[in-house]
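Commentary on secondary and tertiary structure
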Amino acid sequence: QVQLVESGGGLVQAGGSLRLSCAASGRTFSMYAMGWFRQAPGKEREFVAAITWSGGSTNYEYTVKGRFTISRDNAKNTVYLQMNSLKPEDTAVYYCAADSPKTPPGEYDYWGQGTQVTVSS
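Residues numbered from 1 in each chain as written. Predicted model: local features only at pLDDT ≥ 70, side-chain atom pairs only at ≥ 80, totals over all residues. Heavy atoms only, no water.

What follows is about the packing of aromatic side chains. Per the stated rule, a full pass over the model turns up five aromatic pairs. Centre to centre, the rings of Tyr 32 and Tyr 110 are 6.1 Å apart; their planes meet at 65 degrees, and the pair counts as edge-to-face. With a gap of 78 residues between them, Tyr 32 in the loop between strand 3 (18-24) and strand 4 (33-39) and Tyr 110 in strand 10 (residues 110-111) connect regions that are remote in the sequence. On the basis of relative accessible area, Tyr 32 is assigned to the buried category, the value being 7%. (Phe/Tyr/Trp six-rings, centres within 6.5 Å; stacked < 30°, edge-to-face > 60°. Helix = DSSP H or I, 4+ residues; strand = E, 2+ residues; numbered from the N terminus. Buried < 20%, exposed > 50% of the residue type's maximum accessible area, 1.4 Å probe, protein only.)

Right, here's the structure in full:
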């Protein structure tokens with residue numbers, strides 16, 4: 001079992017930056033690939049970024065590539081999402097998720113409660 005708690009959301013002006021954190025419980029955090037997703041009002045949840053268990057490989061949704069950076073610190077059981085050059089269309093609830101090595105890749109098994117990011121124009 002992995003429990004995830006996001007933090008770092010808030011209100012920021014367009015062009016600004018935020019860093020989201022996702023703290024994970026459990027001894028096996030370093031075994032999990034991790035991802036960030038977001039859901040805007042009236043829209044379906046969408047993929048934002050992912051990172052492998054070692055941090056050696058990352059993947060981004062094309063609209064955030066070059067602006068967002070996902071990273072992790074396995075010693076701290078934490079994954080981060082650095083968001084720069086924020087745009088109003090980035091406004092959403094952001095969720096982190098853990099992808100167990102025991103299930104097929106991309107099937108995220110554990111989810112946090114989400115943190116609100118609001119970007120004003």
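This paragraph deals with the side chain of Arg 72. Along the chain, Arg 72 turns up in strand 7 (residues 68-73). For the buried residue Arg 72, which engages in no salt bridge, the nearest side chain bearing the opposite charge is Asp 73, 8.3 Å off. A distance of 3.1 Å separates a polar side-chain atom of Arg 72 from the backbone oxygen of Phe 29. Looking at Arg 72, its side chain comes within polar contact range of the main-chain oxygen of Trp 53, at 3.4 Å. When neighbours within four sequence positions are excluded, Arg 72 is seen to be in contact with Phe 29, Ser 30, Tyr 32, Ala 33, Met 34, Ile 51, Thr 52, Trp 53, Gly 55, Thr 78, Val 79 and Tyr 80. (Lys, Arg positive; Asp, Glu negative; His and termini not counted. Salt bridge = Lys/Arg side-chain N within 4 Å of Asp/Glu carboxyl O. Polar contact = N/O pair within 3.5 Å; in protein donor to acceptor, adjacent residues only side chain to side chain. Contact = heavy atoms within 4.5 Å.)

What follows is about the pattern of salt bridges. One pass over the full model with this rule turns up three salt bridges. For Glu 46, the salt bridge identified is with Arg 38, shortest N-O distance 2.6 Å. Of the residues examined, Arg 38 reaches a relative accessible area of 6% and is grouped as buried. The network of salt bridges with common partners includes Arg 38, Glu 46, Arg 67 and Asp 90.

Located in the positive-phi region is Asn 77, a residue other than glycine, with phi close to 55 degrees. Note that Asn 77 resides in the loop between strand 7 and strand 8 (78-83). Of note in the backbone geometry, Ser 85 takes a positive phi value of approximately 50 degrees without being a glycine. Within the secondary structure layout, Ser 85 lies in the loop between strand 8 and strand 9 (92-99).

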